[in-house]
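The lines below spell out each chain.
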Amino acid sequence: MSNLAQRLITAFVAIPTVFFLLWFNDFSRIALMCFLAGVGAWEWAGMVRKMYQGPDMRYLSFASSFALTLAWALSKGGFFGLPAVPCVVGMSIVVIFAIYIAIAYAKVPIENLFPWLVMHMGAPLYVGLWGGLNVLMMGNGHGLDQCYPFILVMTSMWGCDTAAYFFGKFAAGKGPFGRHLFAPSISPKKTWEGAVVGTLFTMGWVAYWTTCSSALAVFGVEFNIVKGLVLGFLFAVSGQAGDLLMSALKRWSGTKDSGNLFVGHGGVLDRCDSFYLTAPLLVLLMQFLQNV
């Protein structure tokens with residue numbers, strides 16, 4: 001079976017599954033977010049493990065990122081019928097830090113201790129503490145309307161990646177279009193032409209949904225076409241930066257795909273690399289605009 005066929009079959013299964021879990025209730029959507037964070041951190045730890053001698057941290061990375069994502073949900077309140085739990089995120093990260101440092105001191109050779117510790121702690125810090133902010137875009141209860149901001153970011157990243165991929169693959173370098181490599185030392189197939197087309201698509205997509213629908217109404221921030229275009233531009237830039245960040249991590253560790261959860265597509269960090277940088281950016285930006 002060709003790679004394209006595998007990708008299509010996986011997409012036909014994965015996309016309805018994700019939307020069902022987002023639609024069903026807060027238990028299913030938070031469980032999905034915690035699971036993806038845990039698997040993403042597992043993949044991160046697996047790549048770092050290739051580079052530095054030390055104990056296998058994949059299980060702890062999974063548990064840490066799962067716990068931090070859940071902690072963000074508990075800190076918000078409303079999920080699972082529970083009130084907001086104060087200080088739960090801070091307490092979780094203190095415990096996780098202490099465990100990582102204790103393992104490093106006890107198990108890691110001194111010549112590898114600091115790079116080992118920094119790179120392994122990057123998994124829960126980036127995927128759980130930073131990326132876990134995405135649950136603050138969700139509400140409790142039944143229905144997709146509880147997840148409109150999340151869906152906006154998710155579809156924007158899908159659209160940006162898809163537009164950039166197909167234009168870079170089939171149009172760049174042909175006819176009137178040039179072909180200029182975007183970051184050849186990190187991702188040799190990405191082009192500036194693809195990045196520009198992906199950015200333009202994302203700007204239009206976000207501008208449409210922020211001005212013509214209630215996609216971000218939950219934040220109480222009014223959008224017009226200009227604000228929508230600016231937000232779309234920020235989405236595109238942060239999404240492509242997140243993509244390059246994971247590409248750099250894979251190239252550094254000599255890894256082709258971060259995992260194989262999504263057959264034909266790779267792992268969580270292959271599919272969600274753009275999302276994990278962009279979703280928290282939206283949360284923090286909306287919180288800033290609410291208080292301006």
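The structure displayed is predicted, hence computed values, not measured ones.

Q: I keep staring at the overall build of the protein and nothing clicks. Help me out?
A: A tally of helices and strands in the protein yields 10 helices and two strands. Its helices and strands in sequence order give the protein the pattern α-α-α-α-α-α-β-β-α-α-α-α, from N to C terminus. Against the 2.2 N^0.38 benchmark of 19 Å for 292 residues, the protein shows a C-alpha radius of gyration of 20 Å, consistent with a compact globule. Here the C-alpha coordinates of the protein stretch approximately 60 × 45 × 40 Å along the principal axes. Residues counted as buried form 47% of the 292 residues belonging to the protein. Contacts in the protein between residues at least 24 apart in sequence constitute 71% of all its contacts with a sequence separation of at least 6. Of the roughly 14,100 Å² of accessible surface on the protein, a fraction of 71% belongs to carbon and sulfur atoms. Of the side chains in the protein, 17 bear a positive and 12 a negative charge, and the two mean positions are spaced by 7 Å.

Q: Explain the pairing of strand S2 (residues 187-191) here, please?
A: Every regular strand shows the same layout, with side chains that alternate between the two sheet faces. Judged from the two bridges that link them, strand S1 (residues 181-183) and S2 form a sheet pairing that is antiparallel. Counterpart to Ala183 in the pairing with S2 is Ser187. Joining the antiparallel neighbours S1 and S2 is a turn of three residues.

Q: I would appreciate a short explanation of the pattern of salt bridges in the present structure.
A: Oppositely charged side chains are able to pair whenever their charged atoms sit close together. Under the definition given, this model contains five salt bridges. Ionic pairing is found between Asp56 and Arg49, a salt bridge with its closest N-O pair at 3.6 Å.

Q: Looking at this structure, I do not really get the nonpolar core. What am I missing?
A: It is characteristic of soluble globular proteins that their nonpolar side chains tend to be buried jointly. Ranked by size, the top nonpolar core spans 56 residues in total, and within it Leu22, Trp44, Met137, Phe150 and Tyr276 carry the most contacts. With 11 residues, helix H2 (residues 26-49) is the single largest residue contributor to this core. Once you skip the residues sitting within four places of it in the chain, Phe150 turns out to touch Leu22, Met33, Asn134, Met137, Met138 and Phe275. Val108, Leu113, Trp116 and Met121 belong to the second-largest nonpolar core, a separate cluster that totals 11 residues.

Q: I would appreciate a short explanation of the packing of aromatic side chains in the present structure.
A: We describe a pair of aromatic rings using the distance from one ring centre to the other and the angle between the two ring planes. Per the counting criterion, the structure on display carries 16 aromatic pairs. Clustering of aromatic rings is evident, with ring pairs tying together Phe201, Trp205, Tyr208 and Trp209.

Q: How should the side chain of Asn25 be read in this particular structure?
A: Of note, Asn25 is situated in the loop between helix H1 (3-24) and H2. There is a polar contact of 3.0 Å between the side chain of Asn25 and the backbone nitrogen of Phe27. Looking at Asn25, its side chain comes within polar contact range of the main-chain nitrogen of Ser28, at 2.8 Å.

Q: Help me understand the environment of Gly254, please; the structure alone is not making it clear to me.
A: Looking at the element boundaries, Gly254 is found in the loop between helix H8 (225-253) and helix H9 (268-271). Classification of Gly254 by relative accessible area gives exposed; the value is 60%. Taking the C-alpha atoms as reference, Gly254 lies 32 Å from Ile151; in sequence the two are 103 residues apart.

Q: What is the right way to read the packing of H2 against helix H5 (residues 113-130) from this model?
A: What describes two packed helices is the angle between their axes and the distance between those same axes. Packing of H2 against H5 leaves a shortest axis separation of 9 Å and a crossing angle of 160°. With respect to H5, the element H2 is oriented roughly antiparallel. Between H2 and H5 the crossing geometry is right-handed. Facing H2, whose interface residues are Ala37, Ala41, Trp44, Ala45, Val48 and Arg49, H5 presents Met119, His120, Gly122, Ala123, Tyr126 and Val127. Residue composition of the contact of H2 with H5, grouped by class: nine nonpolar, two polar and one charged.

Q: What exactly am I supposed to notice about the layout of surface pockets here?
A: A water-sized probe, rolled over the atoms, reveals where empty space remains. Within this model, the second largest pocket holds a volume of roughly 160 Å³. Lining the second largest pocket are Tyr148, Ile151, Leu152, Thr155, Trp205, Trp209, Ser213, Ser214 and Ala215. Only helix H6 (148-170) and helix H7 (192-211) provide two or more residues apiece to the lining of the second largest pocket. Broken down by element, the residue count for the lining of the second largest pocket peaks at four residues, all from H6. Looking at side-chain class alone, the lining of the second largest pocket contains six nonpolar, three polar and no charged residues.

Q: Which parts of the structure should I look at to understand the state of the cysteines?
A: Among covalent bonds in proteins, the disulfide is the one between the sulfur atoms of two cysteines. Applying the stated rule across the entire model yields zero disulfides. As a non-bridged cysteine, Cys272 has Cys34 as the owner of its nearest cysteine sulfur, 14 Å distant. Among the residues examined, Cys272 registers a relative accessible area of 14% and is labelled buried.

Q: Looking at this model, I keep getting lost on the side chain of Ser64. Mind explaining?
A: By the element assignment, Ser64 lies in helix H3 (residues 58-76). A distance of 2.7 Å separates the side chain of Ser64 from the backbone oxygen of Leu60, its partner in a polar contact. If we skip the residues at most four places from it in the chain, Ser64 touches Ile96, Tyr100 and Pro124.

Q: What should I look at first to understand a nonpolar patch on the surface in this one?
A: The grouping of Ile225, Val226, Leu229, Val230, Phe233, Leu234 and Val237 at the surface amounts to a nonpolar patch, some 570 Å² of accessible area in total. Along the polypeptide, Leu234 turns up in helix H8. Given the relative accessible area of 33%, Leu234 is considered partly exposed.

Conventions used here
- Residues numbered from 1 in each chain as written.
- Predicted model: local features only at pLDDT ≥ 70, side-chain atom pairs only at ≥ 80, totals over all residues.
- Heavy atoms only, no water.
- Helix = DSSP H or I, 4+ residues; strand = E, 2+ residues; numbered from the N terminus.
- Rg over C-alpha atoms; globule rule 2.2 N^0.38 Å.
- Buried < 20%, exposed > 50% of the residue type's maximum accessible area, 1.4 Å probe, protein only.
- Contact = heavy atoms within 4.5 Å.
- Areas by Shrake-Rupley, 256 points an atom, 1.4 Å probe, with all protein chains shown as cover.
- Lys, Arg positive; Asp, Glu negative; His and termini not counted.
- Charge placed at Lys NZ, Arg CZ, Asp CG, Glu CD.
- Pairing = 2+ DSSP bridges.
- Salt bridge = Lys/Arg side-chain N within 4 Å of Asp/Glu carboxyl O.
- Core = buried A, V, L, I, M, F, W, Y, C linked by side-chain atoms within 4.5 Å.
- Phe/Tyr/Trp six-rings, centres within 6.5 Å; stacked < 30°, edge-to-face > 60°.
- Polar contact = N/O pair within 3.5 Å; in protein donor to acceptor, adjacent residues only side chain to side chain.
- Axes fitted to C-alpha atoms, helices over the stretch in contact; angles between N-to-C directions.
- Parallel < 35°, antiparallel > 145°, perpendicular 65-115°, else oblique.
- Left-handed = near helix turned anticlockwise from the far one by under 90°.
- Nonpolar A, V, L, I, M, F, W, Y, C, P; charged D, E, K, R; others polar.
- 1 Å grid on protein atoms, 1.4 Å probe; cavity = no way out; pocket = protein on both sides within 12 Å on 5 of 7 lines; lining within 4 Å.
- Points joined across faces, edges and corners; volume = space filled by probe spheres on them.
- Disulfide = S-S within 2.5 Å.
- Patch = residues over 30% accessible without salt bridge, like charges linked within 9 Å, V, L, I, M, F, W, Y side chains within 5 Å.

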